[in-house]
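Next come the chains, spelled out residue by residue.
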Amino acid sequence: KAGVTQTPRYLIKTRGQQVTLSCSPISGHRSVSWYQQTPGQGLQFLFEYFSETQRNKGNFPGRFSGRQFSNSRSEMNVSTLELGDSALYLCASSSGAGYNEKLFFGSGTQLSVL
Amino acid sequence: SQQGEEDPQALSIQEGENATMNCSYKTSINNLQWYRQNSGRGLVHLILIRSNEREKHSGRLRVTLDTSKKSSSLLITASRAADTASYFCATVSGGSYIPTFGRGTSLIVHP
């Protein structure tokens, strides 16, 4: 099986712009979660989508949004970028069927905001 | 917010030595997971231990869980240079399916 694919791998944007990141989960996985990783804050949960519905949400401002398509592929969007949004954005997939599941992570998108 | 907190933050050892990392958490859990991350890459799942389990093994990895102390440890035996990475514990609690990650332990294994 192909793993979790995230595109693009690197992005450079300027303050005020918006950005869209993409994630293709492992075939058959219906849950996609997004995390933000920074040196200071570690891994912070953004949101999780399951069968095209947002099922869980972390404590991030409304500038961070996401969606999931019928083929389980997911996108996240950050509008009005701030310098503090510079981070590694990680997507993870699972079947989403229960508590005792492991996450499969993509390699991440490294976003730099100048 | 972080549920699990790893200790130590950084660990430096020689090849062949054992590496032990600890994780403490605050609330009762459904399970606790350990992940590894190589520099700037995605995380790789290592082991999941359920709240009713006390110990699990996978190859050179041994994980223990003490729910009375709300703590877990990850032991890597006979470390190799390729084990150099950051190691994260993640807890799943309450009605959420979502693992909450700690800040990680950075392990360096010198050849």
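### With respect to the overall build of chain A
For step 1, the next point in the chain: From N to C terminus, chain A includes zero helices and eleven strands.
For step 2, the next point in the chain: In sequence order, the secondary structure elements of chain A are arranged as β-β-β-β-β-β-β-β-β-β-β.
For step 3, the next point in the chain: Relative to the globule expectation of 13 Å for 114 residues, the C-alpha radius of gyration of chain A, 13 Å, shows essentially globular dimensions.
For step 4, the next point in the chain: The 114 residues of chain A split such that 51% are buried.
For step 5, the next point in the chain: Here the contacts in chain A between residues at least 6 apart in sequence split such that 54% fall between residues at least 24 apart.

### Digging into the interface of chain A and chain B
How big an interface is tends to be stated in terms of accessible area lost as the parts join.
For step 1, the next point in the chain: Facing the 25 residues of chain A at the interface are 24 residues of chain B.
For step 2, the next point in the chain: Both sides together, the interface formed by chain A and chain B hides about 2000 Å², and carbon and sulfur atoms give 51% of it.
For step 3, the next point in the chain: The largest contributions to the chain A side of the interface with chain B come from Leu43, Tyr99 and Asn100 of chain A, which together make up 32% of the buried area.
For step 4, the next point in the chain: Our count for the contact surface shared by chain A and chain B stands at zero salt bridges.
For step 5, the next point in the chain: Linking chain A to chain B there are seven residue pairs in polar contact (both at pLDDT 80 or more).
For step 6, the next point in the chain: Of all the secondary-structure elements, those providing two or more residues to the side of chain A that touches chain B are β4 (31–38), β5 (42–50), β6 (53–57) and β9 (87–94) of chain A.
For step 7, the next point in the chain: For the side of chain A that touches chain B, the per-class residue count stands at nine nonpolar, eleven polar and five charged.

### Some words on unusual backbone geometry
A negative phi holds for most residues other than glycine; trans holds for most peptide bonds.
For step 1, the next point in the chain: The peptide bond linking Thr7 of chain A to Pro8 of chain A adopts the cis configuration, its omega dihedral lying at -10°.
For step 2, the next point in the chain: Checked against the element boundaries, Pro8 of chain A lands in the loop between β1 (5–7) and β2 (10–13).
For step 3, the next point in the chain: Each neighbour pair has its own omega, and for Asp7 of chain B with Pro8 of chain B the value is 0°, a cis peptide bond.
For step 4, the next point in the chain: Its location among the elements puts Pro8 of chain B in the loop between β1 (5–7) and β2 (10–14).

### A short note on the side chain of Ser79 of chain B
For step 1, the next point in the chain: Assignment of secondary structure puts Ser79 of chain B in the loop between β8 (71–76) and β9 (85–92).
For step 2, the next point in the chain: For Ser79 of chain B, the contacting residues outside a window of four places in its chain are Ile13, Glu15, Gly16, Glu17, Asn18, Ala19, Arg60 and Val109 of chain B.

Definitions and limits used
Residues numbered from 1 in each chain as written. Chains lettered and ligands numbered in written order. Predicted model: local features only at pLDDT ≥ 70, side-chain atom pairs only at ≥ 80, totals over all residues. Heavy atoms only, no water. Helix = DSSP H or I, 4+ residues; strand = E, 2+ residues; numbered from the N terminus. Rg over C-alpha atoms; globule rule 2.2 N^0.38 Å. Buried < 20%, exposed > 50% of the residue type's maximum accessible area, 1.4 Å probe, protein only. Contact = heavy atoms within 4.5 Å. Buried area = accessible area lost by both parts, 1.4 Å probe. Salt bridge = Lys/Arg side-chain N within 4 Å of Asp/Glu carboxyl O. Polar contact = N/O pair within 3.5 Å; in protein donor to acceptor, adjacent residues only side chain to side chain. Nonpolar A, V, L, I, M, F, W, Y, C, P; charged D, E, K, R; others polar.

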